[in-house]
Amino acid sequence: MLGVPEKYKVDKKFDAKIFLNSDLTPKEKKKFRDAVQEVVLEYQIAGEEIPSIINDEYNCQVILYFDVKLKMLKDSSFVGEIMQKVIKPLAVIRFWSENGECIYCLAYKRLNLQDKEQIVIEDTVYSLPISMYLPDEKGRLIDEYIGYEKIINRANKLTFYYEMFTKMMIIANLNIWTKGLEALNSKVYYNIDESMYVVKLLKKIKQLKFNLKLVATMSEKARINGEIKSCIDTLNGFIK
């Protein structure tokens, strides 16, 4: 998956029920059990070739890559939200189904400042559905820019993961940022704070475009379009 070297191969199956906890309702547990057909931990990036980072905010010693077979891919968001909350390390989850498509899920996590044994999910990104067997432009971009050897910021496991997260967010939102392809080749990933700002702006543009559909007056539309243009101008400034 994503070109992760074989030295990190685990290939260990898990019973899906380990992801069910007391926070879930009986209805949610049943939906999860019905949706998930197989969970495999494919890879675990451990060791210090990519340094770990442990401080008051983060404890990133491994990056996990899961392959999860679903009965129907439309349940990716529901299952992803549950799994990412249970999996404390940074994790890449690839959901797939027998229809021949897959969806990637990444979640940016930090430690809970009140209880360091718990994590807080700050943000989650899902790829668009990708064909696993036919030529697919979105899949090509993911392989080309998010594959293991393509990640440039290896300062530590958090920067490595957040570069994947940012690029996944850009690829999933190329329809709202025409220079997104240029951004995939930029150096913005060398600065995690700038990468986080790129993600923040993309999410803001998505929300503004949603708001645009709800307003009726020309003045409100003009104001929102102005905000969108300002966000895009700022985003374009990160392409360097």
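Relevant structure appears above.
Just so it is clear, the structure is predicted and the values come from calculations on it, not from any experiment. (Residues numbered from 1 in each chain as written. Predicted model: local features only at pLDDT ≥ 70, side-chain atom pairs only at ≥ 80, totals over all residues. Heavy atoms only, no water.)

Section: the pairing of strand S6 (residues 90-96)
For the record, the criterion: The rule is simple: take the accessible area with a 1.4 Å probe, protein chains only, and divide by the maximum for that residue type; under 20% is buried, over 50% is exposed, in between is partly exposed. Labels follow the DSSP assignment, with helices taken as runs of H or I lasting at least four residues and strands as runs of E lasting at least two, numbered in each case from the N terminus. Pairing between two strands is assigned when DSSP locates at least 2 bridges connecting them. Look down the strands so they point away from you; if going from the first strand over the helix to the second traces a clockwise path, that crossover is right-handed.
With 7 of 7 residues buried, S6 lies mostly within the body of the structure. In this structure, strand S5 (residues 63-70) lies alongside S6, joined through 7 bridges in parallel fashion. Paired with Asp67 across the two strands is Arg94, which belongs to S6. Each parallel crossover has a hand, and the one from S5 via helix H2 (residues 76-86) to S6 is right-handed. Of the pairings in the sheet, the one linking S6 to strand S7 (residues 101-111) comprises 5 bridges and is antiparallel in character. Bridge pairing in S7 links Val92 to Leu106. Linkage of S6 to S7, two consecutive antiparallel strands, is achieved through a turn of 4 residues, within which Gly100 is found at a positive phi near 90 degrees.

Things to note about helix H3 (residues 137-146)
In plain terms, the rule: Here, the arc refers to the directions that run from the helix axis to the C-beta atoms. Contacts described as polar in this section are N or O atom pairs within 3.5 Å, which, within protein, must combine one atom able to donate a hydrogen with one able to accept it, while residues neighboring in sequence count only if both atoms come from side chains.
Listed as buried for H3 are Gly139, Leu141, Ile142, Tyr145 and Ile146. Each buried residue of H3 sits inside an arc of 160 degrees when the element is viewed along its axis, so together they form one side. Its side-chain oxygen at 2.9 Å from the backbone nitrogen of Lys138, Asp136 defines the N-terminal cap of H3.

Thoughts on the pattern of salt bridges
In plain terms, the rule: Throughout this description, the term salt bridge denotes a Lys or Arg side-chain nitrogen within 4 Å of a carboxyl oxygen of Asp or Glu.
For the structure shown, the criterion picks out 17 salt bridges. Note that Lys9 is salt-bridged to Glu42, the shortest N-O span being 2.9 Å. One end of the pair, Lys9, is in strand S1 (residues 9-14); the other, Glu42, is in strand S2 (residues 36-45), and 33 residues separate them in sequence. The class of Lys9 is partly exposed, set by a relative accessible area of 35%. With a closest N to O distance of 3.2 Å, Lys13 and Glu38 form a salt bridge. You can see Lys13 sitting in strand S1 and its partner Glu38 sitting in strand S2, a full 25 residues away along the chain.

Topic: the packing of aromatic side chains
Think of a pair of aromatic rings as described by two things: how far the centres are apart, and how the planes are tilted against each other in angle. So the rule is basically this: The pairing test for Phe, Tyr and Trp rings, Trp by its six-membered ring, is centres within 6.5 Å, and the orientation test on the planes gives stacked under 30 degrees, edge-to-face over 60, and tilted for anything in between. Two limits define a charge over a ring: the Lys NZ or Arg CZ must be within 6 Å of the ring centre, and within 35 degrees of the ring normal.
Scanning the model with the defined rule gives 10 aromatic pairs in all. Ring centres of Tyr58 and Tyr108 lie 6.3 Å apart, and the angle between their planes is 35 degrees; on these two criteria the pair is classed as tilted. Separated by 50 residues along the polypeptide, Tyr58 in the loop between strand S3 (53-54) and strand S4 (59-60) and Tyr108 in strand S7 bring together distant segments of the chain. Both residues of the pair, Tyr58 and Tyr108, belong to the buried class. Ring centres 5.9 Å apart and planes at 75 degrees place the aromatic pair Tyr197 and Phe238 in the edge-to-face group. Of this pair, Tyr197 sits in helix H6 (residues 192-212) while Phe238 is found in the segment after helix H7 (218-236), placing the two residues 41 residues apart along the sequence. Through pairs of rings, three or more aromatic residues link up here, namely Phe14, Phe19, Phe32 and Phe66. The ring of Tyr148 has Arg154 sitting right over it, with the charged end atom 4.7 Å from the ring centre. The ring of Tyr189 carries Lys167 above its face, with NZ or CZ at 4.9 Å from the centroid.

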